Amino acid sequence: MALLRVKVWRGAEQGAFQSFEVPRQASQTVLDVITHIQRHLDGSLAYRFACRVGMCGSCAMTVNGRPRWTCRTHVDTVAEDDTLEVAPLGHLPVIRDLVTDMTPFFDKWARARGQFSGARSRHDDFARIAPDDADRRQVDAGIECIGCGVCYAACDLVSWSADYLGPAALNRAWTLVCDARDAANPARLRAVGGDAGCHACHTQMGCSERCPKKISPTAGIAGLKRALARALLKGEL
Amino acid sequence: MSARSETLLWLAQRASAAVLAFCVVVHLATIIVAVQGGLSAAEILARTRGSVLGLVFYTTFVLAAAVHAPIGLRATLGEWLGWRGAARDAVLLLFALALAVLGLRAVAGVFGGAA
Ligand code: SF4
Ligand code: SF4
Ligand code: FES
């Protein structure tokens, strides 16, 4: 039976790669490989997943040097010479083995005012927004984010500026800036326009290149810059 | 810095970039056309001294560069050296002034004076 040689990160910030041999299967995903190791070779391996179908965003890791969602990454597409190297997702504190602490990532969503804040109550009618409304299309382009953190790990700027809000939080803010029902907007623009916000982005699209949901946070960030410029010229900032 | 200041800097960066893109093209084209057949410093000065068009063009060029370069350097200093905050911004303001003064002095030398 064909074997895959897999190096897996063990430890926390300090640690080392441990080697395993895992049988190749048809249509095997990277998550299948990690699960095989944990179930059959070393039960102490820590990793995280939930849905296995690309919906929950919990399984992202660094596979052969690149951040990826592991449940929907086929071994065939990433293995080089039948070898895989699997490490925790970058730019986040490592708790143990392949499990990172996502707290800084989601704290930044909160700092970017990523919470919807509506102005209507249950007594009001629904907001009626046409499917082809221009703002709604912008929302549609960014709303399917699963919060996996792949873009955040792919963004060099995060490693240079630890405070930088990052592509996912800014993409989330953009979907709310474009949401006609949301009432927090000049304040949200102020939250994403400071030192560590959208103007710092280099527009080199590392995030958009890697996002497994084919979202372009870079486009949303450019939208935020335009929205901030408009707000400044209108005297709203 | 506040969102207001960051957005102002971003707009200044964009606007100065557009001016620079135009100026650099005109500048390079002028040099290439002008030096065909060779030129001495004296010949250059004979042509440039007293040129109002040249004075206005290169004054714009210098001011755009003085706005653009320090804003770019601001990000570089923050990201590469971790130097952020008011001291950095004050030093960069001085740098911008130095670029403007030295540049305008050169412009005055080349384009000022009688023809
Ligand atoms: S485009 Fe901006 S957010 Fe995306 S990776 Fe580059 S710097 Fe980061
Ligand atoms: S934008 Fe894409 S890569 Fe980033 S967290 Fe959302 S789904 Fe993941
Ligand atoms: S396990 Fe849910 S997205 Fe991979």
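No experiment lies behind these values; they were computed from the predicted model shown.

### What to know about the domain arrangement of chain A
Residue and element names in this part refer to chain A.
Point 1. Structurally, chain A comprises domain 1 (3–100) and domain 2 (103–233).
Point 2. For domain 1 versus domain 2, the distance between C-alpha centres works out to 29 Å.
Point 3. Each partner contributes residues to the interface: domain 1 has 14 residues there, and domain 2 has 16 residues.
Point 4. Of the roughly 1,200 Å² buried between domain 1 and domain 2 on both sides combined, carbon and sulfur atoms contribute 69%.
Point 5. Area buried by domain 1 at its contact with domain 2 is led by Pro 67, Trp 69 and His 91, which between them contribute 48% of it.

### Thoughts on the packing of helix α3 (residues 52–81) of chain B against helix α4 (residues 86–111) of chain B
Residues and elements named next belong to chain B.
Point 1. Two elements in contact, α3 and α4, have axes whose closest approach is 9 Å; the angle formed by their N-to-C orientations is 160 degrees. As summarised for this structure, α3 and α4 are arranged roughly antiparallel, according to the angle between their axes. Relative to α4, α3 is oriented so that their crossing is right-handed.
Point 2. The class makeup of the residues in the contact of α3 with α4 is 18 nonpolar, four polar and three charged.

### With respect to the site of ligand 1
All names here are of chain A.
Point 1. The environment of ligand 1 is made up of 13 residues, and the closest members are Cys 155, Tyr 164, Cys 201, Met 205 and Cys 207.
Point 2. Elements supplying a minimum of two residues to the shell around ligand 1: α9 (206–210) and α10 (217–233).
Point 3. Each residue belonging to the shell around ligand 1 can be placed in one class, and the counts come to eight nonpolar, five polar and no charged.

### Description of the interface of chain B and chain A
Point 1. If you look at the interface, chain B gives 13 residues, while chain A gives 17 residues.
Point 2. Broken down residue by residue, the surface that chain B buries against chain A is led by Thr 7, Trp 10 and Glu 79 of chain B, which jointly contribute 44%.
Point 3. Counting every contact that joins chain B to chain A gives one salt bridge.
Point 4. With a closest N to O distance of 3.8 Å, Arg 74 of chain B and Asp 195 of chain A form a salt bridge.

### Some points on the packing of aromatic side chains
Point 1. Applying the stated criterion across every chain yields a total of 11 aromatic pairs over all chains.
Point 2. Relative to Tyr 58 of chain B, the ring of Phe 57 of chain B lies with its centre 4.9 Å away and its plane at 85 degrees, an arrangement referred to as edge-to-face.
Point 3. A residue is classified by how much of its surface remains accessible, and Tyr 58 of chain B, at 17% relative accessible area, is buried.
Point 4. The interplanar angle of 75 degrees and the centroid separation of 6.1 Å between the aromatic rings of Phe 57 of chain B and Phe 61 of chain B together place this pair among those described as edge-to-face. One end of the pair, Phe 57 of chain B, and the other, Phe 61 of chain B, are both in helix α3, four residues apart, so they sit about a helical turn from each other. Per residue, the accessibility class of Phe 57 of chain B equals that of Phe 61 of chain B, and both read buried.
Point 5. Grouping aromatic residues by their ring pairs yields a cluster made of Phe 22, Phe 57, Tyr 58, Phe 61 and Phe 111 of chain B.
Point 6. Here Lys 7 of chain A stacks its cationic end above the ring of Phe 17 of chain A, 6.0 Å away from the centre of that ring.

### Re the pairing of strand β3 (residues 60–63) of chain A
Residue and element names in this part refer to chain A.
Point 1. Along β3, one buried face is formed by Ala 60 and Thr 62 and the opposite face, lined by Met 61 and Val 63, is buried too.
Point 2. Bridge analysis of β3 against strand β4 (residues 66–69) gives four bridges, and the strand direction is antiparallel. The residue bridging Val 63 from the neighbouring strand is Arg 66, located in β4.
Point 3. Two elements, β3 and strand β5 (residues 83–87), share two bridges in a ladder whose sense is antiparallel. Paired with Val 63 across the two strands is Val 86, which belongs to β5.

Rules used in this analysis
- Residues numbered from 1 in each chain as written.
- Chains lettered and ligands numbered in written order.
- Predicted model: local features only at pLDDT ≥ 70, side-chain atom pairs only at ≥ 80, totals over all residues.
- Heavy atoms only, no water.
- Domains from an automatic or database assignment.
- Contact = heavy atoms within 4.5 Å.
- Buried area = accessible area lost by both parts, 1.4 Å probe.
- Axes fitted to C-alpha atoms, helices over the stretch in contact; angles between N-to-C directions.
- Helix = DSSP H or I, 4+ residues; strand = E, 2+ residues; numbered from the N terminus.
- Parallel < 35°, antiparallel > 145°, perpendicular 65-115°, else oblique.
- Left-handed = near helix turned anticlockwise from the far one by under 90°.
- Nonpolar A, V, L, I, M, F, W, Y, C, P; charged D, E, K, R; others polar.
- Near = heavy atom within 4 Å.
- Salt bridge = Lys/Arg side-chain N within 4 Å of Asp/Glu carboxyl O.
- Phe/Tyr/Trp six-rings, centres within 6.5 Å; stacked < 30°, edge-to-face > 60°.
- Buried < 20%, exposed > 50% of the residue type's maximum accessible area, 1.4 Å probe, protein only.
- Lys NZ or Arg CZ within 6 Å of the ring centre and 35° of its normal.
- Pairing = 2+ DSSP bridges.

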